[in-house]
Amino acid sequence: MNEYYINTLPIVIDTPGIYYLNSSDTIDESAIKIIHSDIVLDGFGKTLNGNMSAGSLGIFVNTPQCQDNNIIIKNLTITGFETGIRLDNSNQIFLEDVHLISNLRSGLSIESSGNIEISECSSKNTNNDISGGYGIQIMDSNEIKIRNAQVTGNGKSGKPNSGGVMITNSPRVSIINSQVTSNPGFGLRVERDTDNFILSESEISANYADGIIINSCMFPTIQDSVLSKNKESGVELEKVKQPTITGNTISQNTLGLSITNTEEMVLSGNTLNNNRIGFDISASDIRYYNHQISYTNTINSRPLLYLNGAQDRKIGPGTNPSMVIIVNSSDISVSDLVLSKNCAGIILANCENITLSSISFMENGIGLRSEFGTKNLVCKNLHAERNLLSGYYLSNNNNFTLSSLYGQESPSGVIIHNSVDGLCNNIFMSRIFGIKSRLPSGITLSGCKNVTVTNSELSQCSYAGLLSDSKDIVLSNNFFIFNEFAGSVILSGPVNIHQNSFLKNEDTGLVIRTNQSSVIQNIFEENKKLGLLILQGNENLFVENIFNNLENCLIQEPVSYNIWNGTRGTSSEPSMGGNYWGDLEGEGFSDLCSTDIDEYCSIPYIIRQNNIDFHPLSKKEIIKTLTMVTDLNQNGYEDLHDVVVYMNKLTSGDTSSLYDYSGDGRINLNDVVALFNIITKNTNKAFA
């Protein structure tokens, strides 16, 4: 081949031969254009300098008329152009020992080209304020091989679509034994039909966004690589089919490995350590849980346990998993574990007859996540603390029992979505903090039916103790205390709210928007603005409630009609009872009213039109309503055992939770006698 020296720039190379760069002048336009095949361009170790001109190219290769170009570019540094090298409509190009430094838009751009090999090259510090820039950009191309390359410092913080290597619609791209590190944008982004992509024996680290993100591709392979210290995910897959991820070390990222709507993944031999969240998987359909995940994957030195189609298994401390995923399985029990720092401690998908007991969920995204038609779930003695989204999340579950669940310091305590036939018993959620617009609550019931919440305490939530838009809900014997907006917010019905205490909430005890519901024998006390707020509702029944607040009740809907009296007593001797209307100073309507022969207030209490309590309870009558708290041991019965519980607390000095049954304003032995009389009277009525 003939040899030529390039002494002046710009130049168009249109004749085969070997060309040696012999000029280091700075040029304010595109420098070298190659439009013929069989070219060797040897930079001879020199630097091709641009002056940051818009649209300028260091080297432009465009040979659409040739099928095999056989072009070699080597031993060259290119700096200061909008794009260092652009390969367009060209094939069979070899880049070796080429270094692209401080260009504006792309160090290397490959478009509509194929059979490209890049070896011992680097692309560094490509950035601009408009698009951010890429170290290497590959579009609509195929058969690209990158070996022993270094891509660093590319992109710009705050520009999410900029970074190290960007590959779009380009099948059969491989990156081997290379480093993609310290890019202010992402490390490596692979998207839109870039099928059969391979990353092998490489390092993707310290990038400001994701290390590697793959979106809408098929058959990618990530193997034997190190993905560490990336600001977001080490590896993120979204809408990917049949990925293979094997033998990688994924550490010190915010998310280690994140999988969304991905099918038939093979995951084996990966080590995930010291990520904020180790493994994250989410799916909009059950098929996205169909994976081959082996026991050889570890998260913080403990195995990732994935069961698909399993039956009759017991998982306990001997297994010691870091995370448990159970899919399409039945008759599984999981107990005595501490699960932390994953998207969820336990994920259940389309399972049946699952029992979870004595498990702690610490610093996960969600502690427990159960979805896709899981049936007959029993959870007991679970503890969730400092989870990023929620302690417990149930979606599309049927027939579930949650008992003795504890949670704190999460943006949401328990979220139950589109589920039916559930019991929540002894639920204790406190210090549920989060952005107010997301309504952080102890329990959230969304689109559910036939759920009972009982014997629970929901306190110190940034929004409400309980939030519900569901039907056929029962709330009984619960405490809603010290919540920053309301004890409970009920936005649909019918609901039954019986024998609860709404105490010392920062705004309102109970907010309700429902029809044909019952609110009976509840205590609304010391709520700072309102005891009860009725946004809208008709034919609701409010009886035997105790209101003792700055303002007891507000009805916003002017035409609402509700009932404020009920029937109490035997059928032969009916009596009509209303509600107690007090205030914090002991000078409320019921505190001061004169009484009739039945010891009700002798005049009605008018809340507003069509909302009149015709028989308000008086100071004396209020004692009879304390039946709501006489089952002190919460065994479902009123008997002498409750008197013993009261006596033991009184003699031990633990009087903070005791009630003044005698009505004398003090807690003493008179209350023991009064409690005994109340229980005896109620027992006699039951057998009358």
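Residues numbered from 1 in each chain as written. Predicted model: local features only at pLDDT ≥ 70, side-chain atom pairs only at ≥ 80, totals over all residues. Heavy atoms only, no water.

### Side note on the overall build of the protein chain
Point 1. Per the secondary structure count, the protein chain includes three helices and 68 strands.
Point 2. Against the 2.2 N^0.38 benchmark of 26 Å for 688 residues, the protein chain shows a C-alpha radius of gyration of 35 Å, more extended than a compact globule.
Point 3. Expressed along its principal axes, the backbone C-alpha trace of the protein chain runs to roughly 120 × 55 × 40 Å.
Point 4. By the burial criterion, 54% of the 688 residues in the protein chain qualify as buried.
Point 5. Taking the intrachain contacts of the protein chain between residues at least 6 apart in sequence as the baseline, contacts between residues at least 24 apart amount to 41%.
Point 6. Surface accessibility of the protein chain: about 27,700 Å² in total, with carbon and sulfur atoms responsible for 47%.
Point 7. Side chains of the protein chain give 45 positive and 71 negative charges; the mean places of these two sets differ by 1 Å. (Helix = DSSP H or I, 4+ residues; strand = E, 2+ residues; numbered from the N terminus. Rg over C-alpha atoms; globule rule 2.2 N^0.38 Å. Buried < 20%, exposed > 50% of the residue type's maximum accessible area, 1.4 Å probe, protein only. Contact = heavy atoms within 4.5 Å. Areas by Shrake-Rupley, 256 points an atom, 1.4 Å probe, with all protein chains shown as cover. Lys, Arg positive; Asp, Glu negative; His and termini not counted. Charge placed at Lys NZ, Arg CZ, Asp CG, Glu CD.)

### Let's talk about the sheet that holds strand E12 (residues 106-111)
Point 1. Taking strand neighbours across the sheet as the criterion, the 12 strands line up as E2-E5-E8-E10-E12-E15-E18-E21-E24-E27-E30-E33 in an open arrangement whose pairing is parallel. A single partner strand is all that each edge strand has here, and the edge strands are strand E2 (11-13) and strand E33 (277-282). Strand after strand, the sheet turns through a mean of 5° between neighbouring axes, direction not considered.
Point 2. With three bridges connecting them, E2 and strand E5 (residues 32-34) associate as parallel partners. Note that in E5 the partner of Ile-13 across the bridge is Ile-34. (Pairing = 2+ DSSP bridges. Axes fitted to C-alpha atoms, helices over the stretch in contact; angles between N-to-C directions.)

### Concerning unusual backbone geometry
Backbone phi values are negative for most residues with the exception of glycine, while trans is the configuration of most peptide bonds.
Point 1. Backbone torsion omega between Leu-9 and Pro-10 reads 0°, so that peptide bond is classified as cis.
Point 2. Here the bond from Gly-493 into Pro-494 is cis, since omega is 5°, no more than 30 degrees from zero.
Point 3. In this structure, Pro-494 sits in the loop between strand E54 (486-490) and strand E55 (495-498).
Point 4. The backbone phi angle of Lys-504 is positive, close to 55°, even though this residue is not glycine.

### Notes on the state of the cysteines
Note on terminology: a disulfide is the covalent bond linking the sulfur atoms of two cysteines.
Point 1. Tallied over the full model, the rule gives one disulfide.
Point 2. Linked covalently through their sulfurs, Cys-593 and Cys-601 form a disulfide whose S-S length is 2.0 Å. Of note, the bridge from Cys-593 to Cys-601 carries an S-S torsion of about -65° and is left-handed in sense. Note on accessibility: Cys-593 and Cys-601 belong to one class, buried.
Point 3. Cys-424 provides the cysteine sulfur closest to Cys-461, a residue in no disulfide bond, and the two sulfurs are 14 Å apart. (Disulfide = S-S within 2.5 Å.)

### Structural notes on helix H2 (residues 640-652)
Point 1. Here H2 contains 13 residues, and its C-alpha end-to-end distance of 19 Å stays within 8% of the 18 Å for a straight helix at 1.5 Å per residue.
Point 2. All of the buried residues along H2 are Asp-642, Val-643, Tyr-646 and Leu-650. Take H2 and look down its axis: the buried residues cluster within an arc of 100°, on one side only. Of the exposed residues in H2, the ones pointing more than 90 degrees away from its buried face are Leu-640, His-641, Thr-651 and Ser-652. (Expected span 1.5 Å × (residues − 1). Arc of directions from axis to C-beta.)

### Notes on the nonpolar core
Point 1. Ranked by size, the top nonpolar core spans 77 residues in total, and within it Ile-34, Ile-59, Ile-73, Phe-197 and Phe-279 carry the most contacts.
Point 2. Not counting residues within four places of it along the chain, the set of residues in contact with Ile-73 comprises Ile-34, Leu-41, Ile-59, Val-61, Phe-94, Leu-95, Glu-96 and Val-98.
Point 3. Formed by 61 residues, the second largest nonpolar core is a distinct cluster that contains Phe-361, Ile-443, Leu-475 and Phe-502. (Core = buried A, V, L, I, M, F, W, Y, C linked by side-chain atoms within 4.5 Å.)

### Some words on the side chain of Ser-113
Point 1. Relative to the elements of secondary structure, Ser-113 occurs in the loop between E12 and strand E13 (114-119).
Point 2. A residue is classified by how much of its surface remains accessible, and Ser-113, at 3% relative accessible area, is buried.
Point 3. Within the structure, the side chain of Ser-113 is placed 3.5 Å from the backbone oxygen of Leu-87, a separation counted as a polar contact.
Point 4. Residue contacts for Ser-113: discarding those within four places in its chain leaves Leu-87, Asp-88, Asn-89, Ser-90, Asn-91, Asp-140, Ser-141, Asn-142 and Ile-144. (Polar contact = N/O pair within 3.5 Å; in protein donor to acceptor, adjacent residues only side chain to side chain.)

### Regarding the packing of aromatic side chains
Point 1. Counted according to the given criterion, the structure contains 16 aromatic pairs.
Point 2. Their ring planes at 90° and their centres at 6.2 Å tell us that Phe-361 and Tyr-392 sit as a pair that is edge-to-face. Here Phe-361, found in strand E41 (residues 352-362), pairs with Tyr-392, found in strand E44 (residues 390-395); they are 31 residues apart in sequence, far enough to count as distant.
Point 3. Under the relative-accessibility criterion, Phe-361 is labelled buried at 0%.
Point 4. Seen from their ring centres, Tyr-406 and Phe-428 are 5.3 Å apart, and the 10° between their planes marks the pair as stacked. Of the two residues, Tyr-406 is situated in strand E45 (residues 398-408) and Phe-428 in strand E47 (residues 420-432); the sequence distance between them amounts to 22 residues. (Phe/Tyr/Trp six-rings, centres within 6.5 Å; stacked < 30°, edge-to-face > 60°.)

### Here's the deal with the pattern of salt bridges
Pairing is possible between side chains of opposite charge, provided their charged atoms come close.
Point 1. By the definition in use, this model includes 14 salt bridges.
Point 2. Note that Glu-363 is salt-bridged to Arg-386, the shortest N-O span being 3.2 Å. Residue Glu-363 is located in the loop between E41 and strand E42 (366-371), and its partner Arg-386 is located in the loop between strand E43 (375-385) and E44; the two are separated by 23 residues in the primary sequence.
Point 3. What makes Arg-386 partly exposed here is its relative accessible area of 33%.
Point 4. Linking Glu-371 and Arg-369 is a salt bridge whose minimum nitrogen-to-oxygen distance equals 3.1 Å.
Point 5. On the accessibility criterion, Arg-369 (9% relative accessible area) is buried.
Point 6. Here the residues in one salt-bridge network are Arg-86, Asp-88 and Glu-111, joined through shared partners. (Salt bridge = Lys/Arg side-chain N within 4 Å of Asp/Glu carboxyl O.)

### Overview of the pairing of strand E6 (residues 39-42)
Point 1. What you see with E6 is no split at all: Ile-39 and Leu-41 on one side and Val-40 and Asp-42 on the other are buried throughout.
Point 2. Here four bridges tie strand E3 (residues 17-21) to E6, and the two strands are oriented parallel to one another. In the sheet register, Gly-17 faces E6, and the bridge partner there is Ile-39.

### A closer look at the environment of Tyr-600
Point 1. Inspection of the secondary structure assignment puts Tyr-600 in the loop between helix H1 (589-592) and strand E67 (605-608).
Point 2. A C-alpha to C-alpha distance of 43 Å links Tyr-600 and Ser-419, two positions 181 residues apart in sequence.

### A short note on the side chain of Arg-369
Point 1. Within the secondary structure, Arg-369 sits in strand E42.
Point 2. Beyond its immediate stretch of four places on either side in the chain, Arg-369 contacts Ile-281, Ser-282, Tyr-289, Cys-343, Ala-344, Ile-346, Ile-347, Leu-348 and Tyr-393.

### Section: the environment of Glu-363
Point 1. Among the residues examined, Glu-363 registers a relative accessible area of 23% and is labelled partly exposed.
Point 2. It is 22 Å that separates the C-alpha atoms of Glu-363 and His-417, two residues lying 54 residues apart in sequence.
Point 3. When residues no more than four places from it in sequence are discounted, the contact partners of Glu-363 are Arg-276, Ile-277, Lys-341, Asn-342, Glu-385, Arg-386 and Asn-387.

### As for the environment of Asn-207
Point 1. Structurally, Asn-207 is set in the loop between strand E23 (203-205) and strand E24 (212-215).
Point 2. Between the C-alpha atom of Asn-207 and that of Thr-181, which follows or precedes it by 26 residues, the distance is 5.8 Å.
Point 3. Those residues in contact with Asn-207 that lie beyond four places of it in its chain are Val-180, Thr-181, Ser-182, Asn-183, Gly-185, Phe-186, Gly-187, Lys-229, Asn-230 and Lys-231.
Point 4. At a separation of 3.2 Å, a polar atom in the side chain of Asn-207 contacts the main-chain carbonyl oxygen of Val-180.

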